[in-house]
Amino acid sequence: MPSFPDFCAEYFDKYFRLNPAEAIYYGVGGYDHLLNDHSEETYAAQKRLVNDSLETLRQLSAKDLDADQTIDHALLEGRLSIQKYEQEKEDYRLKRPDQYLATDAIYILTVRETDNLEKNLLSRLHGTPDLVDQGVANLSRPEANPPRLWTEMSIQAAQGGITFLETLPSHPKVQATINDGPTLRAAIDRAKSATRNYADFLIRDLLPRSRGLYAVGEEHYNLLLRKKHFLDLNAQALLTMGENLFSGTRQELLALAEELSPGRGIKEVAQTIQDNHPASEEILPAYQKAMESARQFVKEKNLVSFPPREELHVVHTPEFRRHEIPFAAYLSPSPKDPNQVGYYYVTPVADDDLLREHNWVGLENTSVHESYPGHHLQFSIANSIPAASTLPRLMNESSVFYEGWALYCEQLMQEQGFLKSRQHRFVMLKDRLWRALRIIIDVKTQTGAMTYDQAADLMVRELHFPRAQACGDLNWYSQAPAVPMGYALGWSIITRMRQQETTRLGGKFSLRNFHDRLLGAGSISLPLVEQRHFT
């Protein structure tokens with residue numbers, strides 16, 4: 001029987017051989033020239049790896065492992081248990097049309113360090129037609145039946161991917177690295193043609209017969225709660241919690257709206273705040289300034305220890321991701337990047353309704369969430385700590401922690417005086433209401449108790465979102481069961497942990513020490529973090 005470290009080394013070596021396009025996201029070298037293979041042979045090998053690895057791991061005793069290895073063991077057992085369940089349930093190759101688009105695998109080479117950009121970029125471009133051919137073959141099988149929504153999203157992604165490929169030669173990193181321009185342009189043309197053909201196949205062939213469901217069902221959802229997030233509650237208990245949190249937050253918001261503008265209500269107060277926004281061409285600089293101000297404030301207040309090095313670049317959202325990112329998002333640094341460079345995405349808009357969502361108060365709140373002390377600081381800190389950045393932890397992050405932390409940071413920066421106006425508090429509460437509603441929508445849509453359109457109607461009615469924003473949100477929810485619920489749930493857990501530590505330590509309590517201990521375990525399940533560092 002192998003030791004746990006030897007098991008991990010063998011498992012991850014086999015895993016990345018079978019899933020090479022994922023390696024760059026976790027700082028694993030040697031695979032940057034490859035795309036994933038979706039052949040019958042590789043699929044059978046993936047299934048064998050899951051079954052054999054889970055059987056071996058369950059035979060390994062955890063009693064001789066140290067505290068950090070014990071957590072890694074639990075994370076791997078949870079991951080493999082979920083994968084075994086999912087592969088027995090359905091063939092993933094027949095449900096997600098977007099996995100046959102090479103755009104993400106090509107784009108990531110332009111924002112992450114790679115050993116040979118020219119070689120790897122050309123290799124992935126040259127591999128694009130074969131990947132598309134696999135997609136057409138697999139999705140032409142009679143049993144292929146993706147949800148119509150996912151096929152529609154894949155069409156949008158393909159169209160955005162073509163635009164991305166057209167602009168690839170002008171990318172500064174590409175211009176500085178590629179020596180053979182004609183070869184690059186020829187490879188891009190072939191990749192564009194393949195992507196365009198795939199989009200045509202999706203529109204003409206797959207879309208009319210896309211009638212599958214994206215809801216995973218209650219059994220599957222409960223497995224994710226238990227084995228991914230290590231939560232001691234099921235879907236129904238989570239739904240009750242979400243409904244209570246939504247109701248309580250709504251009462252707080254109504255009371256504050258009455259203070260700000262008596263008799264007008266939430267929608268009218270929100271509209272007043274949203275009317276004050278930068279012009280469309282000023283959006284990116286506005287986010288840049290808000291990010292820099294938040295970083296300086298966190299440092300001056302000594303709220304959390306910074307890693308040795310980190311950078312955050314504020315950039316426009318890539319074209320092929322804009323259909324699922326209505327406003328802003330974040331791409332974390334590679335674990336192996338010595339400079340820890342992250343990307344803060346901001347989606348350009350021209351529509352007046354969407355532009356109003358980029359209001360001055362809201363973008364400051366969003367910048368706290370996405371940058372400092374939110375996502376970017378959390379991930380760059382974890383990457384600087386060896387125990388927090390093992391492969392079992394990097395590959396098993398929990399939204400209950402990473403999104404819960406970001407939502408908690410909005411409250412923290414209010415308390416500390418950075419987001420200091422009552423309008424900031426209003427936006428914070430409105431955003432918390434949104435995240436509480438995510439619990440309700442996530443549980444109900446994924447267990448089949450609510451349709452996509454019903455969820456969109458609910459968001460428009462309760463949050464006063466433009467329908468385009470509601471649909472953009474729901475698009476990514478549909479492909480991420482038990483992720484949207486993590487924001488508000490994680491915020492509540494972190495708030496409770498902080499209150500407990502304050503009571504336990506009294507005058508010895510240090511906010512910075514609490515945050516450092518919290519972030520020192522990586523972005524994994526909060527119950528595991530609490531067990532490791534707070535008991």
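Everything here concerns the structure above.
Given the structure is predicted, the values throughout are model-derived calculations rather than measurements. (Residues numbered from 1 in each chain as written. Predicted model: local features only at pLDDT ≥ 70, side-chain atom pairs only at ≥ 80, totals over all residues. Heavy atoms only, no water.)

### Description of the pattern of salt bridges
Across all of its chains, the model carries 30 salt bridges by this definition. Arginine 148 is paired through a salt bridge with glutamate 152; the nearest N and O atoms lie 3.3 Å apart. Highlighted residues: arginine 148 and glutamate 152, both in helix 6 (residues 148-167), separated by four residues, approximately one helical turn. Note on glutamate 152: relative accessible area 33%, which makes it partly exposed. (Salt bridge = Lys/Arg side-chain N within 4 Å of Asp/Glu carboxyl O. Helix = DSSP H or I, 4+ residues; strand = E, 2+ residues; numbered from the N terminus. Buried < 20%, exposed > 50% of the residue type's maximum accessible area, 1.4 Å probe, protein only.)

### A few points about the sheet that holds strand 3 (residues 341-346)
Taking strand neighbours across the sheet as the criterion, the three strands line up as 1-3-2 in an open arrangement whose pairing is mixed. Either end of the sheet is taken by a strand with one partner, and the two such strands are strand 1 (311-316) and strand 2 (328-331). Here the average twist between neighbouring strands, direction ignored, is 25 degrees. Relative to strand 3, strand 1 is paired through six bridges, and the arrangement is parallel. Counted as the bridge partner of valine 314 is tyrosine 344 from strand 3. The strands touched by helix 12 (residues 283-301) are strand 1 and strand 3; relative to strand 1, the strand with the most contacts, the crossing angle is about 160 degrees. (Pairing = 2+ DSSP bridges. Axes fitted to C-alpha atoms, helices over the stretch in contact; angles between N-to-C directions. Contact = heavy atoms within 4.5 Å.)

### Overview of unusual backbone geometry
The linkage connecting tyrosine 372 with the following residue, proline 373, adopts the cis geometry, with an omega of 5 degrees. Mapped onto the secondary structure, proline 373 falls in the loop between helix 14 (360-370) and helix 15 (375-383). Of note in the backbone geometry, asparagine 302 takes a positive phi value of approximately 55 degrees without being a glycine. A positive phi is found at alanine 482, a non-glycine position, where the angle reads about 65 degrees. As for its placement among the helices and strands, alanine 482 is situated in the loop between helix 20 (467-478) and helix 21 (486-505).

### Brief notes about the nonpolar core
Counting residues in each nonpolar core, the largest one holds 109 residues, and the members touching the most others are Tyr221, Met413, Phe426, Ile441, Met459, Met485 and Leu518. Tallying contributions element by element places helix 18 (residues 422-446) first for this core, with 12 residues. Setting aside residues no more than four positions away along its own chain, methionine 485 makes contact with Tyr221, Leu225, His229, Leu231, Leu238, Val400, Arg438, Ile439 and Asp442. If you look at the next biggest cluster of nonpolar residues, it comprises 46 residues, including Ile24, Leu101, Tyr107 and Val174. (Core = buried A, V, L, I, M, F, W, Y, C linked by side-chain atoms within 4.5 Å.)

### Focus on the packing of helix 14 against helix 17 (residues 399-415)
Closest axis-to-axis distance for the helix 14/helix 17 pair is 8 Å, and the angle between their directions is 130 degrees. Taken together, the axes of helix 14 and helix 17 are oblique relative to one another. As helix 14 packs across helix 17, the resulting crossing turns out to be right-handed. Two secondary-structure elements touch here, helix 14 through Asn365, Val368 and His369 and helix 17 through Glu403, Ala406, Leu407, Cys409, Glu410 and Met413. Taken together, the residues of the contact of helix 14 with helix 17 sort by class into five nonpolar, two polar and two charged. (Parallel < 35°, antiparallel > 145°, perpendicular 65-115°, else oblique. Left-handed = near helix turned anticlockwise from the far one by under 90°. Nonpolar A, V, L, I, M, F, W, Y, C, P; charged D, E, K, R; others polar.)

### Here's the deal with the pairing of strand 3
With six of its six residues buried, strand 3 lies for the most part within the structure. Side-chain alternation along strand 3 places Val341, Tyr343 and Tyr345 on one buried face and Gly342, Tyr344 and Val346 on a second face that is also buried. The pairing of strand 2 with strand 3 spans four bridges and is antiparallel. The residue of strand 3 that forms the bridge with leucine 331 is tyrosine 343.

### Concerning helix 14
Taken across its 11 residues, helix 14 has eight buried, putting it largely inside the fold. Those residues of helix 14 that fall on the buried side of the exposure criterion are Val361, Gly362, Leu363, Asn365, Ser367, Val368, His369 and Glu370.

### So, the environment of lysine 336
Tracing the chain through its elements places lysine 336 in the loop between strand 2 and strand 3. C-alpha of lysine 336 to C-alpha of threonine 347: the two residues are 11 residues apart in sequence and 27 Å apart in space.

### Examining the packing of aromatic side chains
For the structure shown, the criterion picks out 22 aromatic pairs. An aromatic cluster of at least three residues, connected via ring pairs, comprises Phe7, Tyr11, Phe12, Tyr15, Phe16, Tyr26 and Tyr31. Here arginine 435 stacks its cationic end above the ring of tryptophan 434, 4.4 Å away from the centre of that ring. Seen from the ring of tyrosine 487, arginine 438 lies directly overhead, with NZ or CZ sitting 4.4 Å from the centre. (Phe/Tyr/Trp six-rings, centres within 6.5 Å; stacked < 30°, edge-to-face > 60°. Lys NZ or Arg CZ within 6 Å of the ring centre and 35° of its normal.)

Don't take any of this as a statement about function, it's just geometry.
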